[in-house]
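# Inside the fold
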Amino acid sequence: PGREASQLVRIAAPILEHTEAKEVAILIGTNDAKGETFRDPIPAEQYGKNLELILAWASVFGLRVYLSTIPLPYGFGAVAYTASVTDAIRDYNEEIRRIAAQTGVVLVEMSELAASCFGDGIHFTLQGAHAVALKMWLAMKRTRTFSPGG
């Protein structure tokens, strides 16, 4: 099972404290949107607060953040996700965009991925994982300077 943003808040500090990375990509929220029963999503305001806490931990450890919007459920298997889940993801994406604008973290749009990117409507296929990685790479390439060997 995946994690919710509130769970990531609790485990972020020890993970980020011990990483050698200088950057972190954050894509989280589908499990928050489905809640326990697929009908009780975490309110968007609470999701946003959890995301802000995760970003605060990244800031404490001096990490550049690439914050991704959440892809909408799409294709086979997505029918298991209710309209309330899809509505919650749309609301979360608005929170993500607001937070990115306020904090200056790099926003990476993932909300419109092709159906072929999903194996079951939610989880990525190999093609989907490649599409996500490419979008993250392009965001990194656009926002930082690369030097050979370092």
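Each remark here, short or long, concerns the structure printed above.
Residues numbered from 1 in each chain as written. Predicted model: local features only at pLDDT ≥ 70, side-chain atom pairs only at ≥ 80, totals over all residues. Heavy atoms only, no water.

### A word on the overall build of the protein
- Broken down by element type, the protein carries 5 helices and 3 strands.
- The N-to-C order of helical and strand elements in the protein reads α-β-α-α-β-α-β-α.
- Whereas a compact globule of 150 residues would reach a radius of gyration of roughly 15 Å, the protein reaches 15 Å, a difference of no more than 12%.
- Projected onto its principal axes, the C-alpha coordinates of the protein cover approximately 45 × 30 × 25 Å.
- Expressed as a percentage of the 150 residues in the protein, the buried residues total 41%.
- Counting contacts in the protein only where the partners sit at least 6 residues apart, residues at least 24 apart contribute 76% of the total.
- Surface exposure of the protein reaches about 8,500 Å², of which carbon and sulfur atoms provide 57%.
- Taking the 14 positively charged and 16 negatively charged side chains of the protein as two groups, their mean positions are separated by 6 Å. (Helix = DSSP H or I, 4+ residues; strand = E, 2+ residues; numbered from the N terminus. Rg over C-alpha atoms; globule rule 2.2 N^0.38 Å. Buried < 20%, exposed > 50% of the residue type's maximum accessible area, 1.4 Å probe, protein only. Contact = heavy atoms within 4.5 Å. Areas by Shrake-Rupley, 256 points an atom, 1.4 Å probe, with all protein chains shown as cover. Lys, Arg positive; Asp, Glu negative; His and termini not counted. Charge placed at Lys NZ, Arg CZ, Asp CG, Glu CD.)

### Re the pattern of salt bridges
- Counted by the stated rule, this structure contains 8 salt bridges.
- When the shortest N-O distance is used, the salt bridge between Arg98 and Glu95 registers 2.8 Å. Note that Arg98 and Glu95 are positioned in helix 4 (residues 83–103) at a spacing of 3 residues, about one turn of the helix.
- Among the residues examined, Arg98 registers a relative accessible area of 31% and is labelled partly exposed.
- Residue classification places Glu95 among the buried positions, given a relative accessible area of 16%.
- Taken together, the salt bridges that share partners define one network made up of Glu23, Arg64 and Arg144. (Salt bridge = Lys/Arg side-chain N within 4 Å of Asp/Glu carboxyl O.)

### Section: the packing of aromatic side chains
- Applying the stated criterion to the full structure yields 3 aromatic pairs.
- Judged by centre distance (4.1 Å) and plane angle (10 degrees), the ring pair of Tyr47 and Tyr92 falls under stacked. With Tyr47 in helix 3 (residues 44–60) and Tyr92 in helix 4, this residue pair connects regions lying 45 residues apart in the sequence.
- You can call Tyr47 buried: its relative accessible area is 1%.
- Measuring from ring centre to ring centre gives 6.2 Å for Trp57 and Phe61, while their planes differ by 15 degrees; the resulting arrangement is stacked. (Phe/Tyr/Trp six-rings, centres within 6.5 Å; stacked < 30°, edge-to-face > 60°.)

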